[in-house]
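# Structure at a glance
This is what each chain is made of:
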Amino acid sequence: MEILRKFGRPVVDNFSVDQLTVDVREHLDKKRYFIVIDDMQTDQWSSIEAAFPQDNVVSSRVMVTTTIQSVANARSSSNGYVHRTKRLGDKDSEQLFVRKACPKKYLGYMQPESKEVLKKCDGQPLALVSMGQFLRKKGWPTGPNCEDVCRNLSHHLEQDETLERMRRVLLHSFSSLPGHGPKACLLYFGMFPCDHPIRRKRLMRRWLAEGFVETQPSSTENFNTLIDRNIIEPIGMCNNDQVKTCKTYGMMREFILLMSTSQDFITLFAGNKVEHKYVRRLSLHHNIATSGSCSSLDINLSLVRSLIVFGEAGKAILSFQKYQLLRVLDLEQCTDLEDEHLKDICNLLLLKYLSLGETVASIPKDIEKLKLLETLDLRRTKVKILPIEVLLLPCLLHLFGEFQLSDKVKITSEVQKFFLTEQSSLETLAGFVTDGCLGFPQIISHMKNLRKLKIWIERSEKNTNFTDLVNAIQKFIHDDKEESNDPRSLSLHFDACTENILSSLKAPSYLRSLKLKGKLLELPQFVISMRGLRELCLSSTKLTAGLLAALSVLKDLQHLKLIADELEDFIIEDKAFPGLLHLCFVLEGATLPTIEEGALPYLISLKLICKDLVGLAGMKINHLKCLKEVILDHRVTSETRETWEKAAKEHPNRPKLLLFNPVDESESVPGDSSLASTTAEREAMETFPTPDGALQEDNIQILVKQISSAAPEKLNNSEPISKDELNSSFNNMGFSEGKLGLTELSIVQNGKVSSYTH
């Protein structure tokens, strides 16, 4: 209806969509048009697409902007293109901020440090403009420093009229979330420090423990909603291309703090004071809460449901006898927790989530009191021996660490009854160390709900018989047709003396994901015949050509990661790896396989993590018709990077070239070898293969649909467009300056890029 009004056509309110479509189509017939639809929030394109005639004679375009990834994907389903814009870089951010914040008469004045406010704005043009105008009003650069403003930014965001537009945008992002669940899940991000990477699965398990969601699928749905709407951003990816770690960006982080603290949803202790006496969720950040200050705090801890500590907690906070309603306890990065505190923790009968850190060395048997515990994370601890009482917890779903059962453990009749009657709820056991002796191998075969299993196998002088272990693994991977699609995952770490265990495993077998780390001379037979295997990670000193050839026939395989010191010469032949989407090599040597035409027909991501890579190393990517990205080790030489940039430009898809740098280790866990890189690093090093390099845009998603094949006449004749002509064209279409929020517009004319900045 609005498009028709822009055309000057009469519109009746009770017109149907079909009638409106016909009217628009009739008006546009045989006309050249450029239509911009700004900020589409739902998938309306499928309803209105028919209104825009496709004509190969004249040139027309429809551009849609949206902040929602799924809307962009739906819009590009037929002959469309999705362009995900980047935020401004450091240099452009500073220029925009200074232009808005500093009066001309003070341009020569020594300007104060603006790093803090630029960090808060995080490359967002609206935030930079708003903060610039706010500081200009306060008298910057001779007025308050940026550090002082940022210290009270939540207060300014709530009160100051200069920040009203930015506040409305942030509030709309929050209020448009569907239902209470996603809103509560978003506010929970306020529990974590700024720029702290947050593990996705850790976060979702805590949402479940808090009661924000009732099921795992609901938790996943809420997380995906926040990612889809670009409210939170991924900073690390798993081998299967799922989000591994995430964080909130600058101003959204401040808005979350404002909303969560003003509604008494969470309470932060980051400045030696707590505003509320009664708190439900308490977060302590980085050694601010010393024992001296905490002892005098007037806080009623009996109502706290969730507690997370970064750094030193202090005696008052660690007095767990004061807590009565605690459900989530995250002490993974608490530096003054001691083993003696665990006795009181075992009396927190409502506890559902417990994560402990490196200061803990043993788990008491009293943990059997925690009948409601669902998640126990011991990966950062020094715990090597696990009491059997942990495995007898009736509600325990997820157990993480690297431990074994004591030699003194006896499988009593009570233990046998617990497992034989299928009382165990355990879904994740990642994982345990075994030498084949009594213990885990005899127990896991009775865990009927087990879906993820991680095992470290060690040979000892006491025992050389791994029959029980082989039987347990065989039962776990057995292909039961009635449960053909459950997400079973197995990770095996073994030494050279125990590799015969793999040859003992037989078909039929089924797994969704498999990781093997050890000396691998050939691919085990059970892997070759395995059904449903989508993700495979192999880590060995040397990977042979025969092993790689056996991999190439796995039809269900979508994600493959190969880690080795040496890779034998290998040719990936025509029709090899027919379903592979992601291929990753992590190599010490720079030998790469040769790819024949017709191989890897659907590959979209190629990762080559090898610091000694020289040029293309004989790899031709033009055969990979669906390729969208190539990721190289950040340590490769500039010559190698330039060679790959040239190859990307010459590829029909023009895939992105990224440099890989490991993610911040503050949220990583021992043994975690998944590929990840921070968003900032990825954006800073991302190369778009356009003739004049990468372009800068603000944080919206722009999607362009090509209706027909040419541009306006000047573009056809390769004549440059002046800035005045460009402004006139936009004004004729009804768009005033800044309407679309663009900071730079670039037009491609026969391979050349012209940029216009306002």
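Residues numbered from 1 in each chain as written. Predicted model: local features only at pLDDT ≥ 70, side-chain atom pairs only at ≥ 80, totals over all residues. Heavy atoms only, no water.

## Quick word on the overall build of the chain
Looking only at helices and strands, one finds 27 helices and 29 strands in the chain. Taking all 758 residues of the chain together, the buried fraction comes to 51%. Only carbon and sulfur atoms are counted for the fraction: they give 49% of the accessible area of the chain, which is about 35300 Å². (Helix = DSSP H or I, 4+ residues; strand = E, 2+ residues; numbered from the N terminus. Buried < 20%, exposed > 50% of the residue type's maximum accessible area, 1.4 Å probe, protein only. Areas by Shrake-Rupley, 256 points an atom, 1.4 Å probe, with all protein chains shown as cover.)

## Here we look at the side chain of T544
Tracing the sequence through the fold places T544 in the loop between β19 (535-543) and α23 (545-551). At a separation of 3.2 Å, a polar atom in the side chain of T544 contacts the main-chain amide nitrogen of L547. With residues near it in sequence (within four places) discarded, T544 still touches L521 and E568. (Polar contact = N/O pair within 3.5 Å; in protein donor to acceptor, adjacent residues only side chain to side chain. Contact = heavy atoms within 4.5 Å.)

## Re helix α24 (residues 638-650)
For α24, spanning 13 residues, the distance from its first C-alpha to its last is 18 Å, which sits close to the expected 18 Å at 1.5 Å a residue. Looking at the buried positions of α24, the neighbouring elements they touch are β24 (605-609), β25 (629-633) and β26 (656-660). (Expected span 1.5 Å × (residues − 1).)

## A word on a negative patch on the surface
A cluster of like negative charges, contributed by D90, E94, E113 and E116, occupies part of the molecular surface. If you trace the backbone, E113 turns up in the loop between α5 (90-101) and α6 (115-121). We classify E113 as partly exposed; its relative accessible area is 46%. (Patch = residues over 30% accessible without salt bridge, like charges linked within 9 Å, V, L, I, M, F, W, Y side chains within 5 Å. Salt bridge = Lys/Arg side-chain N within 4 Å of Asp/Glu carboxyl O. Lys, Arg positive; Asp, Glu negative; His and termini not counted. Charge placed at Lys NZ, Arg CZ, Asp CG, Glu CD.)

## Observations regarding helix α13 (residues 216-228)
Here α13 is 13 residues long and its end C-alpha atoms lie 18 Å apart, about the 18 Å a rise of 1.5 Å per residue gives. Along α13, the residues that are buried comprise S219, N222, F223, T225, L226, I227 and D228. Check the buried side of α13 and you find it contacts α4 (69-75), α11 (180-187), α12 (200-210), β5 (232-237) and β6 (243-248). One or two positions beyond α13, positive phi appears at N230, with a value near 60 degrees.

## Things to note about a nonpolar patch on the surface
Side chains of Y278, L303, L325, L350 and L372 sit close together on the surface and give an oily, nonpolar patch of about 400 Å² of accessible area. Structurally, the position occupied by Y278 is in the loop between β7 (267-269) and β8 (281-285). Look at Y278 and you get partly exposed, because its relative accessible area is 45%.

## Considering the nonpolar core
By size, the foremost hydrophobic cluster in this structure holds 121 residues, and its most contacted members are L307, L391, L429 and L551. The element contributing the most residues to this core is helix α20 (residues 467-477), with six residues. Contact partners of L429, with chain neighbours within four places excluded, come to L399, F403, F440, I444, M447, L450, K452, L453 and K454. (Core = buried A, V, L, I, M, F, W, Y, C linked by side-chain atoms within 4.5 Å.)

## Things to note about the pairing of strand β20 (residues 559-567)
Across the nine residues that make up β20, a large majority, seven, are buried. The sheet contact formed by β19 and β20 spans eight bridges and is parallel. Following the sheet pairing, C537 is matched in β20 by K561. Each parallel crossover has a hand, and for β19 linked through α23 to β20 it is right-handed. In this sheet, strand β22 (residues 582-587) lies alongside β20 in parallel orientation, the contact comprising six bridges. Note on β22: the bridge partner recorded for A564 is L587. (Pairing = 2+ DSSP bridges. Right-handed = clockwise from strand over helix to strand, strands pointing away.)

## Some thoughts on the side chain of D160
Along the chain, the position of D160 falls in the loop between α9 (153-159) and α10 (164-175). Polar side-chain contacts of D160 include one of 2.8 Å to the backbone nitrogen of T162. In this view, D160 contacts F134, K137, K138 and R167; residues no more than four positions away in its chain are not counted.

## A short note on the sheet that holds strand β4 (residues 198-199)
The three strands are arranged β4-β6-β5 in an open sheet whose pairing can be described as antiparallel. If you trace the sheet from one side to the other, it starts and ends with β4 and β5, each paired once. Note: β4 against β6, two bridges, orientation antiparallel. Residue pairing in the sheet places I198 in a bridge with C246 of β6.

## A word on the pattern of salt bridges
Scanning all chains against the criterion turns up 24 salt bridges. In this structure, E164 and R168 form a salt bridge, with 3.9 Å as the shortest nitrogen-oxygen distance. Taken together, the residues E164 and R168, both in helix α10 and four residues apart, mark about one turn of the helix. Taking relative accessible area as the criterion, E164 reaches 29% and is therefore assigned partly exposed. Residues D330 and R206 are paired through a salt bridge, measuring 2.6 Å at the closest nitrogen-oxygen approach. Taken together, the residues D330 in strand β10 (residues 328-334) and R206 in helix α12 connect sequence positions 124 residues apart.

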